Every structure is written in C-alpha cells, then in structure tokens.
Amino acid sequence: MTPSTTDKIYLVGFMGSGKTTVARALGRRLGWRVIDLDEEIERREGRTISQVFAEHGETYFRKVEREVLLAFLPARHAIVATGGGTFIQAANRADILADGVTVWLDAAFHHIVDRVPSDGRRPLAADREAFAALFEERRAVYRLAHMRLDAQGRVEALVERLLHKLGW
Ligand SMILES: Nc1ncnc2c1ncn2[C@@H]1O[C@H](COP(=O)(O)OP(=O)(O)OP(=O)(O)O)[C@@H](O)[C@H]1O
Ligand SMILES: O=C(O)C1=C[C@@H](O)[C@@H](O)[C@H](O)C1
Ligand SMILES: [Mg+2]
C-alpha cells in the first residue's frame, strides 16, 4: 500500500526500538508535530499504560489504541510514534500504511532488553521469555512497513539516515 501523501511519517517497531525518541528528534528537525500514541492513550485514560492493562486488560487497551490512532488520522505535517503493538493489528496497519510513510525502526534484541524495563511499565515486557518470543514473532509484521531503518546509532544520525532514505 502506498500513502497518498508524504506529509506524515509513522514510526513502527518493537518496544524500546526508539520510536518515541526518534519521533521527537525528527519532529524538531522538520518542525512537524509529534504524536505519541502511548502518551495520548495515557492522557485520554488519565492513567498509565500499566494501569490500563491491569484494570481493564489488553483487549480494552487495543480498543483505545485504535480509537486514538483514528482520532489522529487527519493530522498532517506530523510524526506519529506508535506503540509497539499498534502496527500488529491488521486494521490499524491498513490505516497506517494508507495514511503516511511508515518506517520500521529495526533494533537488535540485545539493545531492546537493556532499554525496556521489566517493572510493568510495559506490561508485555514483564515476562522476559514471552518478550523474546514476541520480538521474533512480530518481525514478520513490522517488515510490512514501507521502509526499514537500522535503529543502531546515535539518534541524530538515525534522523539524518532516515531523511536521506526519504530523499529529503
Ligand atoms: N538510538 C538510540 N541510542 C541510544 N538509546 C536510545 C536510542 N533510541 C532510544 N534509546 C533509549 O531507549 C529507551 C527506549 O526508547 P523509546 O522510548 O524511544 O522506545 P519506543 O520504541 O518508543 O518504546 P515503546 O514502544 O515501549 O514506547 C529510552 O530510554 C531511550 O532513551
Ligand atoms: O508492544 C506492545 O504491544 C506495547 C508496546 C507499548 O508501546 C505500549 O503500547 C503497550 O505497552 C503495548
Ligand atoms: Mg514509545
């Protein structure tokens, strides 16, 4: 699927791959708005992600995640940092791919393990064995993004590499 315009960039990828961090740097570089879906979910719910999972479960979280994604579809000149599972849901994936240039931040698992806390802030990272299995399982889906960016390196360097890939 090809997006109709290039005035929106979606960053997808596993927890800890750097979506939030790179989105902020890219937003500063382009002067575009940054939308972080996890932060928007927390704002809307008035609770942390871990509270949403604990009090209502993952199915409810996915429903809110989709509603928040849809609420920001009209935004232009925007970078969207998705949550690690947003692009995994087929309906979300179709909307994302049609709406903007979608970039998979592909980070190595050893970096991810160091970056993602197992303290419950990211509920699906608490069980480290399941976390590793999820990483492998989801790669086949992240691959469906329009582009892959090797997520190793300094954030500023990643931003420049991404802009180069986009031909900007
Ligand atoms: N290129 C990088 N080099 C070094 N550290 C990084 C890099 N990118 C991100 N980090 C660090 O890794 C951690 C996770 O990054 P970030 O929150 O941006 O990931 P994320 O993909 O948004 O994860 P989640 O899906 O859980 O929201 C943060 O502490 C961040 O500072
Ligand atoms: O990978 C996932 O499924 C998740 C990643 C985080 O960004 C949060 O959206 C939440 O913890 C779920
Ligand atoms: Mg994030």
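Residues numbered from 1 in each chain as written. Chains lettered and ligands numbered in written order. Predicted model: local features only at pLDDT ≥ 70, side-chain atom pairs only at ≥ 80, totals over all residues.

Close to ligand 2 lie M15, D38, I49, G83, G84, G85, R122, P123 and L124, which account for all nearby residues. Classifying every residue of the shell around ligand 2 gives four nonpolar, three polar and two charged. (Near = placed C-beta within 6 Å. Nonpolar A, V, L, I, M, F, W, Y, C, P; charged D, E, K, R; others polar.)

What follows covers the site of ligand 1. As a structural note, the neighbourhood of ligand 1 is formed by 16 residues, with M15, G18, K19, T20 and T21 the closest of them. Looking at the shell around ligand 1, the elements with two or more residues in it are α1 (19–30) and α7 (155–166). Sorting elements by how many residues they give to the shell around ligand 1 places α1 first, with three residues. Split by residue class, the shell around ligand 1 holds four nonpolar, eight polar and four charged. (Helix = DSSP H or I, 4+ residues; strand = E, 2+ residues; numbered from the N terminus.)

All right, on to the pairing of strand β4 (residues 101–106) then. Burial within β4 is extensive, with five of its six residues counted as buried. With four bridges joining them, strand β1 (residues 8–12) and β4 adopt parallel strand pairing. Note on β4: the bridge partner recorded for L11 is V103. Two strands pair when backbone bridges link them, and β4 and strand β5 (residues 147–150) are joined in this way by four bridges, in the parallel orientation. Counted as the bridge partner of L105 is L149 from β5. (Buried ≥ 20, exposed ≤ 12 C-beta atoms within 10 Å, placed from the backbone. Pairing = 2+ DSSP bridges.)

Moving on, we come to the packing of α1 against α7. Closest axis-to-axis distance for the α1/α7 pair is 9 Å, and the angle between their directions is 65°. Of the two elements, α1 crosses α7, and the hand of that crossing is right-handed. In this structure, α1 uses T21, V22, A25, L26 and R29 to contact α7, whose residues at the interface are V155, E156, L158, V159 and L162. The residue inventory of the contact of α1 with α7, partitioned by class, reads seven nonpolar, one polar and two charged. (Axes fitted to C-alpha atoms, helices over the stretch in contact; angles between N-to-C directions. Left-handed = near helix turned anticlockwise from the far one by under 90°. Contact = placed C-beta atoms within 7 Å.)

Let us look at the nonpolar core. By size, the foremost hydrophobic cluster in this structure holds 38 residues, and its most contacted members are L11, I79, V80, V103 and L105. Of all the elements in the fold, those that place two or more residues in this core are β1, α1, α2 (37–45), α3 (49–71), β3 (78–81), β4, α6 (128–142) and α7. Residues within four places of L11 in sequence aside, it is in contact with K19, V22, A23, I79, V80, A81, T82, V103 and L105. (Core = buried A, V, L, I, M, F, W, Y, C linked by C-beta atoms within 7 Å.)

This part covers the UniProt feature "binding site: ATP" (unreviewed entry) in the protein chain. What UniProt calls "binding site: ATP" (unreviewed entry) maps, in this numbering, to G16, S17, G18, K19, T20, T21, R122 and R154. These annotated residues cover 139 residues of sequence, and their C-alpha atoms reach 23.5 Å apart at the extremes, leaving them scattered rather than at a single site. As for its placement among the helices and strands, K19 is situated in helix α1. Ignoring any residue separated from it by four or fewer positions in sequence, one finds K19 in contact with L11, G13, A81, T82 and L105. Checked against the element boundaries, T21 lands in helix α1. (UniProt positions renumbered as here; feature names shortened; annotations may be inferred.)

Okay, the sheet that holds β5 next. Paired through their backbone hydrogen bonds, the strands of a sheet run either parallel or antiparallel. Ordered in space as β2-β3-β1-β4-β5, the five strands form an open sheet in which the pairing is parallel. Only two strands of the sheet have a single partner each, and these edge strands are β2 (33–36) and β5. Neighbour to neighbour, the strand axes of the sheet diverge by 25° on average, direction disregarded.

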